[in-house]
Amino acid sequence: MFKKILSRFKQEENNESENEMQDEIDHELNVNEIEEMELEKSNEEILEKEIMDNASMENSSRNGNEKISLFSKLKQGLSKTKQGIADKVDQVLKSYKKVDEDLFEEIEEILITSDVGVKTSLEIIERLRKGALERKITEAEDLKGLLKEILVNILDKGENQGLDINSSPAIILVVGVNGVGKTTSIGKIAHNLKLGGKKVLLAAGDTFRAAAIDQLEIWGKRVGVDVIKHQEGADPAAVIFDAIQSAKARKIDVLICDTAGRLHNKKNLMNELGKVMKVVDREFNEAAREIVLVLDATTGQNALQQAKIFKEVTDITGIVLTKLDGTAKGGVVMAISNELNIPVKLVGVGEGLNDLQTFNAEDFVNALFGDDK
């Protein structure tokens, strides 16, 4: 019976890959309309809320419990994914006394249906089966610790956690399709860097949508950071050039650049990002560099397909996974980390300014299973 289920999910993943490009076009058209409507909302109300969040974050930074509160927030943000993966695994382990093949198949089904993906799920189960044999694990509930170890191993790329921009100057190029939370992520990154004492500058390199420029300006005002911009339709590479010159003149520590992300024409995307990278190489080669891809966790396996396309056109150094608090599809983080070998650097677990957290594999897995650190 399970072979039929597995076959069905493989077919669904294939269909999803075939239809992905058209889905992206439809998605972006809808997003553009929504974003234009959102810009008509009262900015004063939004600003007031963000100022309150800012004050809360600053107060939190002053006490010794910040790390604990961040972990609690992570656990809260992963509650829906926990229900889809960890809670179901716990139920299955309790229903079996001994380790057998049926147990492995049930865990495999849970992983596949939780957007971990067929390929990664099969690899996890194979490691689980092999590890249980090597450690002579015979009791079902004893598999939980081994499973957690395997997940941490998949997610931990052995690199520095968070953005590698400790040296100054540094530049962060942010890519991603419209609607994934790209501009919001830029604003939150700028806020956190500023709290850490960094001088930050933003560049509005997504010039193909007026809404993108306006949104970045709003975020700049919220967090108290200047934005270098041109008019709608301008050459993105020209914007980045001007931003680099301004960053040098002002002795900016970190320049964060928004870029266009339109998947319906991969050739144009490659050309646009290629021109931007040439400017960065020529004008700011001394800067530490991060190229981060922003993905929406609520899109599940579609996020994996987006990552594959962007990896083909540019050298992605890390992933920012947003909206984890609003989905049960957080298992996709394992598929991205395993199949593409790209480290997850930041995760969004809420709407507040302090809810974009540095990713830690062990903390993530502990929070996923509802365990303490």
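Here the structure is a predicted model, which means the values were calculated and not measured.

Our next topic: a negative patch on the surface. A surface patch of negative charge is lined by Asp 100, Asp 102, Glu 105 and Glu 106. Among the secondary structure elements, Asp 102 is positioned in helix 6 (residues 101-112).

Bringing the side chain of Thr 81 into the picture now. Along the chain, Thr 81 falls in helix 4 (residues 79-84). The exposure class of Thr 81 is buried, given its relative accessible area of 1%. Beyond its immediate stretch of four places on either side in the chain, Thr 81 contacts Ala 86, Thr 327, Ala 328, Lys 329, Gly 330, Gly 331 and Leu 368.

With that out of the way, let us pick up the confidence of the model for the protein. Mean pLDDT over the protein works out to 83, with 79% of the residues at or above the 70 mark. When mean pLDDT is compared element by element in the protein, strand 2 (residues 200-204) scores highest at 97, while helix 2 (residues 43-61) scores lowest at 45. The model gives residues 24-48 a pLDDT under 50, and that stretch makes 28 contacts with residues more than four places away or in other chains. In this model residues 54-68 is a low-confidence stretch, pLDDT under 50, and it forms 12 contacts with partners more than four residues away in sequence or in other chains.

Below, the discussion takes up unusual backbone geometry. Pro 169 follows Ser 168 through a cis peptide bond whose omega is 5 degrees. Take Pro 169: it is sitting in the loop between helix 8 (143-155) and strand 1 (170-175). Despite not being glycine, Lys 251 has its phi angle at roughly 55 degrees, a positive value. Structurally, Lys 251 is set in the loop between helix 11 (236-250) and strand 4 (254-258). Note on Lys 251: relative accessible area 65%, which makes it exposed.

What follows deals with the pattern of salt bridges. Applying the stated criterion to the full structure yields 19 salt bridges. A salt bridge links Glu 149 to Arg 135, with the nearest nitrogen and oxygen atoms 2.7 Å apart. With Glu 149 in helix 8 and Arg 135 in the loop between helix 7 (118-134) and helix 8, the pair connects residues that are 14 residues apart, well separated along the chain. The class for Arg 135 is partly exposed, based on a relative accessible area of 46%. The salt bridge involving Asp 206 is made with Lys 182; its shortest N-O contact spans 3.7 Å. A residue pair is termed long-range when its members are at least 10 positions apart, and Asp 206 in the loop between strand 2 and helix 10 (210-223) and Lys 182 in helix 9 (residues 182-195) qualify at 24 residues. With relative accessibility at 3%, the residue Asp 206 sits in the buried group. Among the residues examined, Lys 182 registers a relative accessible area of 5% and is labelled buried. In this structure, a network of salt bridges that share partners links the residues Asp 90, Lys 144, Lys 148 and Asp 371.

Calculation rules
Residues numbered from 1 in each chain as written. Predicted model: local features only at pLDDT ≥ 70, side-chain atom pairs only at ≥ 80, totals over all residues. Heavy atoms only, no water. Patch = residues over 30% accessible without salt bridge, like charges linked within 9 Å, V, L, I, M, F, W, Y side chains within 5 Å. Areas by Shrake-Rupley, 256 points an atom, 1.4 Å probe, with all protein chains shown as cover. Salt bridge = Lys/Arg side-chain N within 4 Å of Asp/Glu carboxyl O. Lys, Arg positive; Asp, Glu negative; His and termini not counted. Charge placed at Lys NZ, Arg CZ, Asp CG, Glu CD. Helix = DSSP H or I, 4+ residues; strand = E, 2+ residues; numbered from the N terminus. Buried < 20%, exposed > 50% of the residue type's maximum accessible area, 1.4 Å probe, protein only. Contact = heavy atoms within 4.5 Å. pLDDT = per-residue confidence, 0-100.

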